[in-house]
Amino acid sequence: MSLRSRLVLAFLVVIVGTSGVIAVAANRVINARFNALSATTGTLIAQRIAPLVERYYASNGSWEGIDTLFKEAKGDAEKEDNPSPDLPPRPDVFSEAMRSRWDWRIAASEERLILVDTNGEVVVDTHPDESEIINIEKFLNKGIPIMVRGKLVGTLVPASATGALTSVQTQF
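Predicted model, so just to flag it, every value in this text is computed and none were measured.

K.L.:
Summarise helix H1 (residues 3-60); cite the residues concerned and give the values.
P.N.:
Along its 58 residues, H1 runs 83 Å from first to last C-alpha, staying within 8% of the 86 Å computed at 1.5 Å per residue. Along its length, H1 reaches its greatest deviation from straightness, about 35°, at Ile49, and the proline Pro51 lies no more than four positions downstream. Looking at H1, one finds that the buried residues are Phe34, Ser38, Ala39, Gly42, Ile45, Ala46, Ile49, Ala50, Leu52, Val53, Tyr56 and Tyr57. Positioned one or two residues after H1, Gly61 has a phi angle of 75°, which is positive.

Okay, structure coming up:
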């Protein structure tokens, strides 16, 4: 093999090797940044929804029925033909807290939120078909505490803050 052929082959190996390293590094950086962005977005959405969840508990004295509320909110969010549907049950609880119905819709349709009571039990999961998050109590510190009259009654945990992405986020 001539010197020229060896030089061309050596340059090709260097180019392909460097391209591979850059591709792998870029992929890892993009995944890490996307996961961080998803976690931050989930936390912000949970912060916006937490006052509504607090009002629900303050009004009812328990979490009973909150799963229905989230399901109905999700159903309303998915209605394309009606841009301004009626609020879920008990609109008097939410009317003051909601600047718009958009907050509730974001929580119901896009971000997976998990409401955990003070015993560490999952009360409601907005995406129950997604994979279960094992040991959710380890992630309570990443959630938004739900306080009613100065007492902790639960925690609203965005699943993205635990590293669990929704199917839509995973497809990205």
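K.L.:
I'd love a proper account of the sheet that holds strand E4 (residues 151-158), names of residues and values included.
P.N.:
In sheet architecture, strand pairing relies on hydrogen bonds along the backbone and comes in two forms, parallel and antiparallel. Taken together, the four strands give an open sheet; going across it, the order is E2-E1-E4-E3, and neighbouring strands pair in antiparallel fashion. Looking at the sheet topology across the chains shown, the edges are occupied by strand E2 (122-125) and strand E3 (144-148). Across this sheet, the average inter-strand angle for adjacent strands is 25°, counted without regard to direction. Lying on the sheet, H1 is in contact with strand E1 (113-117), E3 and E4; it crosses E3 at an angle near 20°.

Rules of the game
Residues numbered from 1 in each chain as written. Predicted model: local features only at pLDDT ≥ 70, side-chain atom pairs only at ≥ 80, totals over all residues. Heavy atoms only, no water. Helix = DSSP H or I, 4+ residues; strand = E, 2+ residues; numbered from the N terminus. Expected span 1.5 Å × (residues − 1). Bend = angle between axes of the 7 residues up to and from the residue. Buried < 20%, exposed > 50% of the residue type's maximum accessible area, 1.4 Å probe, protein only. Pairing = 2+ DSSP bridges. Axes fitted to C-alpha atoms, helices over the stretch in contact; angles between N-to-C directions. Contact = heavy atoms within 4.5 Å.

The analysis is restricted to geometry; functional conclusions fall outside its scope.
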